[in-house]
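One letter stands for each residue in the lines below.
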Amino acid sequence: MVHRVPVQETVSPAKLAEPITFPTSNRIAKNRFMKAALTERVATWIPDDRKKCGFPTTDLCNMYEKLTHGGFGVLLSGNIAVDANHLESAGNVIIHHSIDSPERREAFKCYAAAFKAGSDNLAIAQLSNAGRQTPRALVEHPISASDVQLLAMRRGCGYGKPRALTIEEIHKTVVHDFAYAAKYVYDSGFDGVQIHSAHGYLLAQFVSETTNKRTDQYGGSLKNRNRLNLEIYEAIRRLIPVETGFIVGIKMNSKEFQVDGLECDDAVYMCKEYERIGFDFIELSGGTIEKVAFQHLSESTISREAFFFEFSAKIKAVLTTIIVYLTGGFRTVHGMVKAIEQGACDGIGLGRPITAEIDLPAKILSGEVQSAILNPYDQDYNISSNVSSTQMWQAQQTPYNTEKGVNVGIMDINDEETAEKYKAELVKYNAKCFELSQAGVPIKGVLEFQV
Ligand SMILES: Cc1cc2nc3c(=O)[nH]c(=O)nc-3n(C[C@H](O)[C@H](O)[C@H](O)COP(=O)(O)O)c2cc1C
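Predicted model, so just to flag it, every value in this text is computed and none were measured. (Residues numbered from 1 in each chain as written. Predicted model: local features only at pLDDT ≥ 70, side-chain atom pairs only at ≥ 80, totals over all residues. Heavy atoms only, no water.)

> I keep staring at the overall build of the protein chain and nothing clicks. Help me out?
Helices and strands together make up the secondary structure of the protein chain, namely 14 helices and 14 strands. The C-alpha atoms of the protein chain give 20 Å as radius of gyration, which agrees with the globular expectation for 451 residues (22 Å, within 12%). Dimensions along the principal axes, computed over C-alpha positions, put the protein chain at roughly 60 × 50 × 45 Å. A separation threshold of at least 6 residues defines the contact pool for the protein chain, and within that pool the share at least 24 residues apart is 73%. (Helix = DSSP H or I, 4+ residues; strand = E, 2+ residues; numbered from the N terminus. Rg over C-alpha atoms; globule rule 2.2 N^0.38 Å. Contact = heavy atoms within 4.5 Å.)

Structure, rendered in structure tokens:
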């Protein structure tokens, strides 16, 4: 018996079935659903041979092939690193000229094909550079906007003191790497890219005053702090012009919730600039590793369901053409339709709910369900993010099979016995991660758990 999130009101899903037209590329998403980026951490990882790291694998393709049967208008990949060193985790998919090979290009073509295997959804690759959020076990002194160290720990690992990028490095390395990776995925068969400028990653480090203490043309005023994202857009468009129909979007925070962090008014200005320059879409999120915001931080968001509803509504109100996706907290058709009707967004990004149930959008659109499967740990990001990582791993273990459907092998964390066993394994897994991290060993992968 599957338990679902209780619904306040039964609502028609018709609004969610409406297509979305991207204003610059003119491409059309068949409906308003987008699978949000969820890092997988299962790409090849051979530390002694960097050229063999970061290949998308057949297992990963299994999961995306299943997702093409899930009813999404847009499928976003998990973050793909555009710098061979500055990963969010060992096991990230990587694109970088220094490690390119015909084999990698072939693997990427298969990867892109998996995103298109069963449906006409759009396939978008998320491109990222972790900057100061690169685990210390990978890089002792990562790059950043300035030398402000991240004093936090994830999976038992801290973060080293960063160094500020020089202007030459910003141009020749950062801008170049994002544009190179965009062209790479374009050549592989993706429909577009999303540059990751949210959650405290390198591009967000430039935008935020918490981490940007520069005094040159990339620091100080908001215009200066936002410069890099605009330069990356222009560099991508130089390689892949608008006429190709290639989609370029950006994920950004609507608010950072930390000292000197990005405020909603800053995001309003930035989004207007993204619209002016020609980005096709913005995906709004919030928080960083320093201040995780993937849970309800106030009473008002509980009733609105989406964590960043009020910020998104404020931002969308000043925009005219650019498409706004909102991600974080959506669990019911009522919450999703309300967000669109009340002008908070055009599209709905889904993260954790769809790792438990890959075809949630299809079930919503057919009228079969009104809400996501209940997750008792939804308000605990530590547990729920691990649950999602494990569920993605479970989805990767078998190829798509028409008869068995897309959710075969995925655990139901509502089941008490499963939850107890899983939590016990998670305690052991966290202890192991801590031990390895303390020994300076990068952690690849996720908690592998089979029901
Ligand atoms: C396991 C996991 C991995 C994630 N990886 C990424 C990522 O690679 N890039 C990104 O922008 N956000 C990432 N996120 C954040 C999600 O895209 C999303 O913003 C967040 O989960 C809130 O949405 P939800 O409430 O629907 O889960 C991740 C979240 C989870 C749980």
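And the narrative resumes.
> Would you mind going over the pattern of salt bridges with me for this structure?
Two side chains that carry opposite charge are able to pair once their charged atoms sit near each other. A complete count under the given rule lists 32 salt bridges for this structure. For the salt bridge of lysine 15 with glutamate 18, the shortest nitrogen-to-oxygen distance reads 3.4 Å. Accessibility expressed as a relative area gives 25% for lysine 15, which makes it partly exposed. Residues aspartate 49 and lysine 52 are paired through a salt bridge, measuring 3.4 Å at the closest nitrogen-oxygen approach. Beyond isolated ion pairs, a larger network of salt bridges with shared partners links Arg4, Glu357, Asp359 and Lys363. (Salt bridge = Lys/Arg side-chain N within 4 Å of Asp/Glu carboxyl O. Buried < 20%, exposed > 50% of the residue type's maximum accessible area, 1.4 Å probe, protein only.)

> Hey, could you run me through the pairing of strand E13 (residues 323-327) in this one?
The side chains of a regular strand alternate, residue by residue, between the two faces of the sheet. E13 sits mainly inside the fold: 5 of its 5 residues count as buried. Neither face of E13 is exposed, since Ile323, Tyr325 and Thr327 on one face and Val324 and Leu326 on the opposite face are all buried. As judged from the 4 bridges shared by strand E12 (residues 281-285) and E13, these two strands associate in the parallel manner. Residue pairing for E13: glutamate 283 is matched across the bridge by tyrosine 325. With respect to chirality, the unit in which E13 leads through helix H10 (residues 333-341) into the neighbouring parallel strand E14 (residues 347-350) is right-handed. (Pairing = 2+ DSSP bridges. Right-handed = clockwise from strand over helix to strand, strands pointing away.)

> Just to check I follow, could you spell out the site of the ligand for this structure?
Neighbouring the ligand are 23 residues, the closest being Ala37, Thr39, Gln126, Gly351 and Arg352. Within the contact set of the ligand, an oxygen atom lies 2.9 Å away from a backbone nitrogen or oxygen of glycine 329. Notes on the ligand: free accessible area 610 Å², of which the protein chains cover 96%. Take the shell around the ligand: its biggest share by element is 3 residues, from helix H13 (residues 381-396). Here the residues of the shell around the ligand are counted per class, giving 8 nonpolar, 12 polar and 3 charged. (Near = heavy atom within 4 Å. Polar contact = N/O pair within 3.5 Å; in protein donor to acceptor, adjacent residues only side chain to side chain. Areas by Shrake-Rupley, 256 points an atom, 1.4 Å probe, with all protein chains shown as cover. Nonpolar A, V, L, I, M, F, W, Y, C, P; charged D, E, K, R; others polar.)

> Could you clarify how one ought to interpret helix H2 (residues 102-114) in this entry?
Counting along an α-helix, one turn takes 3.6 residues, and residues three or four places apart therefore face a common direction. The terminal C-alpha atoms of H2 lie 19 Å apart, and with 13 residues this matches the ideal 18 Å at 1.5 Å per residue to within 8%. Among the residues of H2, those classed as buried are Arg104, Ala107, Phe108, Tyr111, Ala112 and Ala114. One side of H2 carries all its buried residues, which in axial view fall inside an arc of 150 degrees. Buried residues along H2 sit in contact with helix H1 (58-67), strand E5 (80-81), strand E6 (93-94) and helix H3 (167-188). (Expected span 1.5 Å × (residues − 1). Arc of directions from axis to C-beta.)

> What is the right way to look at the pairing of E14 in this model?
Residues Gly347 and Gly349 line one face of E14 and the alternating positions Ile348 and Leu350 line the opposite face, and both faces are buried. In the sheet, E13 pairs with E14 via 3 bridges, with the strands oriented parallel. The partner of leucine 326 across the bridge, within E14, is isoleucine 348.

> Would you explain the packing of H1 against H2 in this entry?
When two helices pack together, their arrangement is given by the angle between the helix axes and the distance between those axes. Where H1 meets H2, the axes come as close as 8 Å, and the angle between the chain directions of the two elements is 25 degrees. Comparing the axis directions of H1 and H2 gives the class roughly parallel. Contacts between H1 and H2 pair Leu60, Cys61, Tyr64 and Glu65 from the former with Cys110, Tyr111 and Ala114 from the latter. Within the contact of H1 with H2, the residues separate by chemical class into 6 nonpolar, no polar and 1 charged. (Axes fitted to C-alpha atoms, helices over the stretch in contact; angles between N-to-C directions. Parallel < 35°, antiparallel > 145°, perpendicular 65-115°, else oblique.)

> For this particular structure, what's the right way to read the environment of phenylalanine 434?
Along the polypeptide, phenylalanine 434 turns up in helix H14 (residues 416-438). Sequence separation between phenylalanine 434 and methionine 153 is 281 residues, and the spatial gap between their C-alpha atoms is 9.8 Å. When near neighbours in sequence (up to four residues on either side) are disregarded, phenylalanine 434 contacts Met153, Arg155 and Gly156.

> Help me understand H14, please; the structure alone is not making it clear to me.
With 23 residues, H14 should reach 33 Å at 1.5 Å per residue; the first-to-last C-alpha distance of 33 Å fits that figure. Within H14 the residues assigned to the buried category are Thr418, Ala419, Tyr422, Leu426, Tyr429, Cys433 and Ser437. In this structure, the buried side of H14 is in contact with H13. Note on H14: the residue one or two positions beyond its end, glycine 440, has a positive phi of about 80 degrees.

> How should I be thinking about the packing of aromatic side chains in this particular structure?
The geometry of two aromatic rings is summed up by the distance between their centres and the angle between their planes. In this structure the tally under the stated criterion is 20 aromatic pairs. Measuring from ring centre to ring centre gives 5.7 Å for tyrosine 64 and tyrosine 111, while their planes differ by 85 degrees; the resulting arrangement is edge-to-face. Pair noted here: tyrosine 64 is in helix H1 and tyrosine 111 is in helix H2, with a separation of 47 residues, a long-range link. An identical accessibility class is assigned to tyrosine 64 and tyrosine 111; each is buried. Here the aromatic residues Tyr64, Phe108, Tyr111, Phe115, Tyr180, Tyr184 and Phe190 are joined through ring pairs into a cluster of three or more. (Phe/Tyr/Trp six-rings, centres within 6.5 Å; stacked < 30°, edge-to-face > 60°.)

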